[in-house]
Amino acid sequence: MLKDITLGQYFPGTSFIHRLDPRTKLLVLIVYIVALFVAKTWVSYLVCLAFLALCIAISTISLKSIFRGLKPLVFILVFTGVLNIFLTDGETVLVKWWIITITLEGVVRAVYMIVRIMMLVSATFLLTYTTSPISLTDGLESLLSPLKKLHFPVHELAMMMCIALRFIPTLIEETDKIMSAQRSRGADFESGKLMERVRALIPILVPLFIGAFRRADELATAMECRCYHGGEGRTKMKLLRYKRRDYLAFLAGIILLATIITLRCFGW
Amino acid sequence: MAPILEVKKLNHIYSQGTPFEHVALQDVSFSLERGEFLGLIGHTGSGKSTLIQHLNGLLKPTSGEVLLDGKSIWESKAATRASRFRVGLVFQYPEYQLFEETVYKDIAFGPKNMKLDKEEIHRRVLEAADFVALPESVLESSPFDLSGGQKRRVAIAGVIAMEPEILILDEPTAGLDPQGREEILENISRYRQEKNAAIIMVSHSMSDVARMSDRILVMNKAHLAYDGSVKEVFRQAWQLQEMGLDIPPVTRVFMKLREKGLDVEPVYTMEQAIHALKTLRGGNGHA
């Protein structure tokens, strides 16, 4: 059950997308998101979708995995859709009943919003699916490094993120174990009223937190034993360097954005 | 007498239908008698942990059956839950699941879930604490203030307090010092004797398994490789070594002695070894 969570999961591979520099992927993702928000009509949406589809196709990540990532979002999607349907004013009234008015504009807008969120999240998943957490934080650190001049602790932030990502699967596994152990003692997590269910979480959360603190302590000791003292003067095993394929990806991103902006200018 | 637990053609496949598909159990069948002590050995990843989690319904088999007193534990939701109380499962490093404010409350967690009345819970907590030799003075202290060995015993008491007819322990002595190990093993034996409970113990210590078990199951690559008496299993020294397992050190010593021409039968426990050596010395005393 818990193993179905795909957050931050990485599918190793050697495709063009996998081999891109993490910074490239992050920047192109930002460009793509900007394009997605500039897009207003179905034509420009189609262009974005084509771009996304192309990326997914190149990445060799199965559509199934992408959709599995979208599953937890169903609630948010439905919520956004419903809000937009009911709260959008418009000319063409489809249904009018009591205080509820549904307009064609509302429905159209709801569809646009849902598609936009889905495309946005799918692209983000594509990033985490094709980039290992370590190279992702490396890329982020390198992109944010100008902020070091403002005494912003970029390295520490990246290290924290890296450790957090690293421990998600560990903690999921631990939760699974603790749940099994408490179930063996007759704990019941699936039935009962809301309050009972909340109370049933205590036997899981207490050992989980204690375990997390224990691990944090051990990790801190282990890092200190290896003389870790922050980012200053620290070198990297894998230096990030832009290659030809990165420029190619940038080009693709820029062309996408330019196309969308042009379409917008012409009213599409 | 009919066996208390029967496992029939158990198969388990993790993440079926995904790229991470992994066969953890294949065609595993065995049975367990009341009061029997079963040792379960196998290399890491051989399917031991998966197997024991099937015995109290934590994992649902992909196919096959687990019968408790002849009835499937998956017959109904209630049957599955009831099986948890009859088959007590102590996980590896169980001290990491303690959560209550006091030792007493933690041990009482299982009996409370059984919906027993207060007096019965009280009786069981005290008895369980006694089985694992916890002094009554620690019952009101926080489990997090105890030493590692004591925490382990509290966790085991938490399962024993449910008075399971089958007690399953996954490496109950891992990470303890020799004295702690010895004590835990004694506690288990005592529980078995006084309650006529069946025990399944997973262990990597071949000498512990040889000394405690009536019968040994050997898991290898998701299969049940051997199911037999201590003698029958440890006779297969070569095959065991190929599975990444071993024979008790004392057995190895005696095999070497035999190779050197000493007339001794293979032994599996320290006591047998002492006995064998004494007879040998008695026999050759006059020479």
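Because the structure is a prediction, the values reported are computed rather than measured.

Trainee: Explain the overall build of chain A to me, please; I cannot follow it from the model alone.
Mentor: The secondary structure content of chain A amounts to 11 helices and two strands. Listing each helix as α and each strand as β along chain A from the N terminus yields α-α-α-α-α-β-β-α-α-α-α-α-α. Its C-alpha radius of gyration of 23 Å places chain A more than 25% over the 18 Å reference for a compact globule of 268 residues. In terms of overall dimensions, chain A has C-alpha extents of about 65 × 60 × 40 Å along its principal axes. Per-residue burial over chain A gives 21% buried out of 268 residues.

Trainee: I'm lost on the sheet that holds strand E6 (residues 87-90) of chain B in this one. Help?
Mentor: Backbone-to-backbone hydrogen bonds pair the strands of a sheet. The strands run either parallel or antiparallel. All names here are of chain B. One open sheet holds the six strands; their spatial order is E6-E7-E8-E3-E9-E10, and the pairing between them is mixed. The two strands at the open ends of the sheet, each matched to only one other strand, are E6 and strand E10 (223-229). Across the sheet, the mean angle from the axis of one strand to that of its neighbour is 15°, orientation sign disregarded. For strand E9 (residues 215-220) and E10, the ladder comprises six bridges, and the chain directions are antiparallel.

Trainee: Just to check I follow, could you spell out the interface of chain A and chain B for this structure?
Mentor: One widely used convention gives an interface's size as the accessible area the parts lose upon coming together. Facing 15 residues of chain A, the contacting portion of chain B comprises 19 residues. Partitioned by chemical class, the residues of the side of chain A that touches chain B number seven nonpolar, five polar and three charged.

Trainee: What is the right way to look at helix H11 (residues 244-265) of chain A in this model?
Mentor: An α-helical segment advances 3.6 residues per turn. Residues three or four places apart therefore align on the same side. All names here are of chain A. Over its 22 residues, H11 runs 31 Å from end to end, which matches the ideal 32 Å to within 8%, given 1.5 Å per residue. Of the residues making up H11, those classed as buried are Ala249, Gly253, Leu256 and Ile260. Looking straight down H11, one finds its buried side chains confined to an arc of 55°; they lie on one side. Exposed and facing more than 90 degrees away from the buried side of H11 are Arg244, Tyr247, Leu251, Ile255, Ala258, Thr262 and Cys265. Residues of H11 that are buried sit in contact with helix H2 (22-38) and helix H3 (42-59).

Trainee: Got a minute to help me understand the confidence of the model for chain B in this structure?
Mentor: Detailed reading of the predicted model is not advised wherever pLDDT is low. All names here are of chain B. In this model, chain B carries an average pLDDT of 90, and 98% of its residues clear a pLDDT of 70 or more. Ranking the elements of chain B by mean pLDDT puts helix H11 (residues 270-283) last, at 85, and strand E8 (residues 198-202) first, at 96. Predicted as a complex, the structure gets a pTM of 0.77 and an ipTM equal to 0.87.

Trainee: Any chance you could explain the environment of Val82 of chain A here in plain terms?
Mentor: Note that Val82 of chain A resides in helix H5 (residues 74-87). For the pair Val82 of chain A and Leu143 of chain A, spaced 61 residues apart in the sequence, the C-alpha separation amounts to 38 Å.

Trainee: Any chance you could explain the packing of helix H3 (residues 103-113) of chain B against helix H5 (residues 148-160) of chain B here in plain terms?
Mentor: What describes two packed helices is the angle between their axes and the distance between those same axes. Residue and element names in this part refer to chain B. Between H3 and H5, the shortest axis-to-axis distance is 6 Å and the interhelical angle comes to 35°. At the point where H3 passes H5, the crossing takes the right-handed sense. Across the interface between the two elements, Val103, Asp106, Ile107, Phe109 and Gly110 from H3 touch Val154, Ala157, Gly158 and Val159 from H5. Considering only residue class, the contact of H3 with H5 consists of six nonpolar, two polar and one charged.

Trainee: Please explain the domain arrangement of chain B as it appears in this structure.
Mentor: All names here are of chain B. For chain B, the assigned domains read domain 1 (5-247) and domain 2 (248-287). If you average the C-alpha positions of domain 1 and of domain 2, the two centres end up 33 Å apart. Of all the secondary structure elements, the ones that give two or more residues to the side of domain 1 that touches domain 2 are helix H7 (206-212) and helix H8 (230-234). Top contributing element to the side of domain 1 that touches domain 2 by residue count: H7, with four residues. Class assignment of the residues belonging to the side of domain 1 that touches domain 2 gives a composition of five nonpolar, one polar and two charged.

Trainee: What is the right way to read unusual backbone geometry from this model?
Mentor: Where the residue is not glycine, phi is negative for most of them; where a peptide bond is considered, it is trans in most cases. Residues and elements named next belong to chain B. With phi around 55°, Asp69 is a residue other than glycine that occupies positive phi space. Relative to the helices and strands, Asp69 resides in the loop between strand E4 (63-68) and strand E5 (71-72). Classification of Asp69 as partly exposed rests on a count of 13 C-beta atoms within 10 Å. Phi at Glu163 is positive, roughly 50°, even though this residue is not glycine. Within the fold, Glu163 resides in the loop between H5 and strand E7 (166-170).

Trainee: Before we go on, may I ask you to explain the nonpolar core in this structure?
Mentor: Side chains of nonpolar character tend, in soluble globular proteins, to be buried together. Grouped together as the largest cluster of nonpolar side chains are 81 residues, with contacts concentrated most on Ile107, Ala157, Ile166, Ile168 and Ile199 of chain B. For this core, the element with the most residues is H5 of chain B, which contributes six residues. Summarising the domain contributions, this core has at least three residues from each of domain 1 (5-247) and domain 2 (248-287) of chain B. Beyond its immediate chain neighbours, meaning those up to four positions away, Ile166 of chain B contacts Ile4, Leu5, Leu32, Arg86, Val87, Gly88, Ala197, Ala198 and Ile200 of chain B. Counting 23 residues, the second largest nonpolar core, distinct from the first, contains Val28, Ala39, Cys48 and Phe125 of chain A.

Trainee: Would you mind going over H2 of chain A with me for this structure?
Mentor: All names here are of chain A. With 17 residues, H2 should cover 24 Å at 1.5 Å per step; its first-to-last C-alpha distance of 24 Å lies within 8% of that length. Buried residues of H2: Pro22, Thr24, Lys25, Val28, Tyr32, Ala35 and Leu36, and no others. Buried residues along H2 cover an arc of 145° about the axis, so they all sit on one side. In H2, the exposed positions angled more than 90 degrees off the buried face are occupied by Ile30 and Phe37. Its buried side turned inward, H2 meets H3, helix H6 (104-130), helix H7 (133-144) and H11.

Trainee: I would appreciate a short explanation of the sheet that holds E5 of chain B in the present structure.
Mentor: Overall, antiparallel pairing links the four strands, which are arranged E2-E1-E4-E5 (chain B) in an open sheet. On the outer flanks of this sheet lie strand E2 (22-32) and E5 of chain B, each paired with one strand and no other.

Trainee: What exactly am I supposed to notice about the environment of Tyr226 of chain B here?
Mentor: All names here are of chain B. You can see Tyr226 is positioned in strand E10. Judged by the 20 C-beta atoms lying within 10 Å of it, Tyr226 falls in the buried class. Considering only alpha carbons, one finds Tyr226 and Phe254, 28 residues apart in sequence, at a separation of 22 Å. The residues touching Tyr226, leaving out its near neighbours within four places in the chain, are Val218, Val233 and Gln236.

Rules used throughout
Residues numbered from 1 in each chain as written. Chains lettered and ligands numbered in written order. Predicted model: local features only at pLDDT ≥ 70, side-chain atom pairs only at ≥ 80, totals over all residues. Helix = DSSP H or I, 4+ residues; strand = E, 2+ residues; numbered from the N terminus. Rg over C-alpha atoms; globule rule 2.2 N^0.38 Å. Buried ≥ 20, exposed ≤ 12 C-beta atoms within 10 Å, placed from the backbone. Pairing = 2+ DSSP bridges. Axes fitted to C-alpha atoms, helices over the stretch in contact; angles between N-to-C directions. Contact = placed C-beta atoms within 7 Å. Nonpolar A, V, L, I, M, F, W, Y, C, P; charged D, E, K, R; others polar. Expected span 1.5 Å × (residues − 1). Arc of directions from axis to C-beta. pLDDT = per-residue confidence, 0-100. Left-handed = near helix turned anticlockwise from the far one by under 90°. Domains from an automatic or database assignment. Core = buried A, V, L, I, M, F, W, Y, C linked by C-beta atoms within 7 Å.

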